[in-house]
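Residue strings, one per chain:
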Amino acid sequence: MKTIQITNASIIQQIINTAGIQKDGFIVNNIDPIAVNGSLKYAIMKNLGVTKPNMVGVVLVSEISEGTENFKGIIGTLYRLRGSTSFSIIAEQYTITCLKAYINTKFTSSNEIRVGKCTYNGKTYIGFTTQSEPSPRLFFSGYYTSDCIFTHVPESEVIWS
């Protein structure tokens, strides 16, 4: 086998795009008794974006209904990171469970963030809060379903159930 080195970024991106290499998370084949709509994925490190400055926000994980549903949501580790010459350091990690399956929900966190069922713009979601420090970046490592949306919204616009 011959090894070659590719250093051109556009060639590397073209290989990723055409070869179907997963950039978002590894698909986990459905494992009985776990049934999901779409697919179950495992993220080594999924970038969930930057929180809004000086605002407690909510990350909407997935829209849910009041009826029976397949397994949906997240279970894993959340990381909050920030640090530069302009901002003091934030380096936190905690476990999080934000799930719905059948008619049941399960919400846990290893720190003070709120995890649960909420309503935003008339729709019901499962989600979790972010703290109000200016602009830490959120990363997630763990299992999540492909219907997760990871949308940041102000907590002031959310009603918790």
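Residues numbered from 1 in each chain as written. Predicted model: local features only at pLDDT ≥ 70, side-chain atom pairs only at ≥ 80, totals over all residues. Heavy atoms only, no water.

Asker: Is there a simple way to explain the side chain of E69 in this structure?
Answerer: Relative to the helices and strands, E69 is located in strand 4 (residues 69-82). At a separation of 2.9 Å, a polar atom in the side chain of E69 contacts the main-chain amide nitrogen of S65. (Helix = DSSP H or I, 4+ residues; strand = E, 2+ residues; numbered from the N terminus. Polar contact = N/O pair within 3.5 Å; in protein donor to acceptor, adjacent residues only side chain to side chain.)

Asker: Explain the sheet that holds strand 10 (residues 151-154) to me, please; I cannot follow it from the model alone.
Answerer: Each strand in a sheet pairs with its neighbour through backbone hydrogen bonds, running either in the same direction (parallel) or in the opposite one (antiparallel). As summarised here, the arrangement of the 5 strands in space is 10-3-8-7-11, forming an open sheet in which the pairing is antiparallel. Unpaired on one side and paired on the other, strand 10 and strand 11 (158-160) mark the two borders of the sheet. Each adjacent strand pair in this sheet contributes to an overall mean axis angle of 45 degrees, direction not counted. For strand 3 (residues 57-63) and strand 8 (residues 123-129), the ladder comprises 5 bridges, and the chain directions are antiparallel. Across the sheet, the residue bridging to L60 is G127, located in strand 8. (Pairing = 2+ DSSP bridges. Axes fitted to C-alpha atoms, helices over the stretch in contact; angles between N-to-C directions.)

Read these as geometric descriptors, not functional statements.
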